[in-house]
Structures are given as structure tokens and as C-alpha cells.
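These are the residues of each chain, in order.
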Amino acid sequence: MIDDLVTWLTDPAHWSGPDGVPARLGEHVLYTVVTIAIGLLIAVPLGAWVGHTGRARWLITWANALRAVPSLGLLFAISMLVGPLIQSDLAFTIPSIIVLVVLAIPPLLSGTYAGVESVDPAARDAARGMGMRGSQVLTRVELPIAMPLFLSGVRSATLQVIATATIAAAISLGGLGRYLIDGLAARDLPQMVAGSVLVAVLALGADGLLALLQRYAVSPGISGRRTHVGPSDPGRLDVSRAGTGLGPPGNRSAPDHQPA
């Protein structure tokens, strides 16, 4: 099987044309980016408002309940309801994007809400004491502090979309899932395995990029990362003492001249 997989992946015919790996990978990435972008436009303002005001927390509960909905069943239901209303080649793409957005919203909404809601009340009070309005407290204090949990929600949503877009090929969506569906129809096991490997590589790559973004987008004061040597660093203190002619505490040399 490994030899068959390597043979399939190294075949130049599988890396060109509309059914080639680059084209299918581009489709899969496009579906993911469009879905996450729409989900962010819906979930971030809503989650930030709920976390900031403490109102309508039931929205978070309802959104999390959507995670229990079977993805494939929802795909077929939406495609049968919405597909006949669209008279174009997007008859299957638009229903699939709708389902992907529905499945992406819960982690995005929960991550934004949890991040804003977990902000220390003392930080809010200090910001208000400095004269900040409610919107300024949200944008300048709460959202930056909420960034780690928010980005965790983005990572979870991205992996959810990549996985669901794979099975959406069952209703004629493009992307890497075509290799699994078409391979199953043709009983081409190497093609199915290759598709699975490509989806796994895409998921790992996307999660790695988002982890890197999370590392550098979050303020060092929030993440705990150290960006400079603090004044209490022992090495720096030793250098300072060396520059002033003083040794470590308890081992300082006596001055050359005693006062008369």
C-alpha cells in the first residue's frame, strides 16, 4: 500500500489539470478561507457583545448545541432545500458553504465570548477609571486580553471546516474530498489514501500556521513570553555590578582608600 501511495503521489498526471492536486488543494483552501471569513464577521461581533455586556448568554449555549448536529446529514438537508433554488453551477457550492459557516460559528463564538468574559474586572474598572468609554474598553482592553482564547477558537473552527469540506464532496463539492469520493466510486484505494493524507497534511499545516500566528499576535505580557532581559535578571545584575566595580552581594571588595 505504501508503494502504491508513493506511486500515486509521484505520478505527474495527478499534479496537473482541473483534477490535479494543486487545483483541488486550492479549492479546499478557498472554501476554508471564505467560510472562516464569513464566520468571523458573524461570530466575533456577537461573541464580543455577549462577553462585554453579559447579556444573551443563551446564544452561546445554542451555538454550542449545533456541534451535536451530524455534519453529513445537515449537508444533505441544506443542499436539498437550497440547491433547487439556485440555477447555476453554485447549486451545490452555496449550500455547502452555508453548512460550513454554521459549523464554524460555534467555536468562533465560544472563543470570542470566553476570552472577553474572562477579563479581570479590575482591568475593566481601571480602564473606565482612565475615562474610556464602553467601546474603548472592549477594543483596547478586553479584545487584546481575549486574543489567546479567540485564536484558539479560530484554530478549532479551521480544523472543523477542513474536515467537513472533505465530506462535502459527497454532494458534488470540489476540494481534496473528491479523491475520497471518486476513489470510493472507482474502488481506487491508493487515490483514497492519497486524498486522506493530503487532507491531514493540509490540516496540520493550517494548524501550525495558526499556532505561529497565535504566538506572535498575542501580547508578550499576556502570553508570558519574555522579550527582553528584566532588571531583576541575575546575569544582568552581575554585569551591572561588574561595570561598577562591585562583586556579588557578600563578596564585595573593600575600597582602596579608607577615609581619614
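Residues numbered from 1 in each chain as written. Predicted model: local features only at pLDDT ≥ 70, side-chain atom pairs only at ≥ 80, totals over all residues. Heavy atoms only, no water.

### A short note on unusual backbone geometry
Alright, step 1. For A56, which is not glycine, the phi dihedral falls at a positive 55°.
Alright, step 2. Structurally, A56 can be placed in the loop between α2 (21-53) and α3 (58-65).
Alright, step 3. At S172, a residue that is not glycine, the phi angle is positive and equals roughly 75°.
Alright, step 4. On the accessibility criterion, S172 (49% relative accessible area) is partly exposed. (Helix = DSSP H or I, 4+ residues; strand = E, 2+ residues; numbered from the N terminus. Buried < 20%, exposed > 50% of the residue type's maximum accessible area, 1.4 Å probe, protein only.)

### Focus: the packing of α3 against helix α5 (residues 93-117)
Alright, step 1. Their axes nearest at 9 Å, the elements α3 and α5 cross at an angle of 145°. Between α3 and α5 lies a crossing of left-handed hand. Where α3 abuts α5, its residues L59, I60, A63 and N64 lie against P106, L109, S110 and Y113.
Alright, step 2. Class assignment for the residues of the contact of α3 with α5 results in 6 nonpolar, 2 polar and no charged. (Axes fitted to C-alpha atoms, helices over the stretch in contact; angles between N-to-C directions. Left-handed = near helix turned anticlockwise from the far one by under 90°. Contact = heavy atoms within 4.5 Å. Nonpolar A, V, L, I, M, F, W, Y, C, P; charged D, E, K, R; others polar.)

### Here's the deal with the side chain of S96
Alright, step 1. Checked against the element boundaries, S96 lands in helix α5.
Alright, step 2. Within polar-contact distance, the side chain of S96 engages the backbone oxygen of F92 at 2.8 Å.
Alright, step 3. Ignoring sequence-local partners within four residues, the contact set of S96 consists of L75, A168, I171 and L173. (Polar contact = N/O pair within 3.5 Å; in protein donor to acceptor, adjacent residues only side chain to side chain.)

### Re the layout of surface pockets
Alright, step 1. By volume, the largest pocket amounts to about 220 Å³.
Alright, step 2. Those elements that place two or more of their residues in the lining of the largest pocket are α2, α7 (134-167) and α9 (189-217).
Alright, step 3. Along the lines of polarity and charge, the residues of the lining of the largest pocket split into 8 nonpolar, 2 polar and no charged. (1 Å grid on protein atoms, 1.4 Å probe; cavity = no way out; pocket = protein on both sides within 12 Å on 5 of 7 lines; lining within 4 Å. Points joined across faces, edges and corners; volume = space filled by probe spheres on them.)

### Regarding the side chain of T32
Alright, step 1. By the secondary structure assignment, T32 is in helix α2.
Alright, step 2. Not counting chain neighbours up to four residues away, the residues in contact with T32 comprise T158, V161 and I162.

### What to know about the environment of V141
Alright, step 1. Relative to the assigned elements, V141 resides in helix α7.
Alright, step 2. With 18 residues separating them along the chain, V141 and A123 place their C-alpha atoms 7.5 Å apart.

### Details of the packing of aromatic side chains
Alright, step 1. Summed over the entire model, instances satisfying the criterion amount to 2 aromatic pairs.
Alright, step 2. Between W8 and Y179 the ring centres are 5.3 Å apart and the planes differ by 80°, which places this aromatic pair in the edge-to-face class. With W8 in helix α1 (residues 2-10) and Y179 in helix α8 (residues 177-186), this residue pair connects regions lying 171 residues apart in the sequence. Like W8, the residue Y179 is buried in the burial classification. (Phe/Tyr/Trp six-rings, centres within 6.5 Å; stacked < 30°, edge-to-face > 60°.)

### Digging into the environment of I78
Alright, step 1. Inspection of the secondary structure assignment puts I78 in helix α4 (residues 71-82).
Alright, step 2. As for I78 and I98, which are separated by 20 residues in sequence, their C-alpha atoms are 8.0 Å apart.
Alright, step 3. Ignoring sequence-local partners within four residues, the contact set of I78 consists of G83, P95, I98 and V99.

### Some points on the confidence of the model for the protein
Alright, step 1. Per-residue confidence for the protein gives a mean pLDDT of 83; residues scoring 70 or more make up 85%.
Alright, step 2. In the model of the protein, helix α11 (residues 234-244) stands out as the element of lowest mean pLDDT, 45, in contrast to α2, which has the highest, 94.
Alright, step 3. A low-confidence stretch, residues 235-255 stays under pLDDT 50, and its non-local contacts, those more than four residues away or across chains, total 12 contacts. (pLDDT = per-residue confidence, 0-100.)

### Quick notes on α2
Alright, step 1. Relative to the 48 Å expected for 33 residues at 1.5 Å per residue, α2 spans 47 Å between its end C-alpha atoms, a close match to the ideal helical length.
Alright, step 2. Taken as a whole, α2 carries its principal kink of about 30° at L40.
Alright, step 3. Once α2 ends, the next one or two residues include G54, with phi positive near 75°. (Expected span 1.5 Å × (residues − 1). Bend = angle between axes of the 7 residues up to and from the residue.)

### A few points about the environment of I97
Alright, step 1. Relative to the assigned elements, I97 resides in helix α5.
Alright, step 2. On the basis of relative accessibility, which here comes to 14%, the residue I97 falls in the buried class.
Alright, step 3. If we ignore the near neighbours within four places in the chain, the residues touching I97 are Y31, T35 and I38.

### Some points on the pattern of salt bridges
Alright, step 1. Under the criterion given, the structure shown has 6 salt bridges.
Alright, step 2. Across the pair R24 and E27 runs a salt bridge, and its minimum N-O distance is 3.0 Å. Of this pair, R24 and E27 both sit in helix α2, 3 residues apart, which is roughly one turn of that helix.
Alright, step 3. The exposure class of R24 is buried, given its relative accessible area of 11%. (Salt bridge = Lys/Arg side-chain N within 4 Å of Asp/Glu carboxyl O.)

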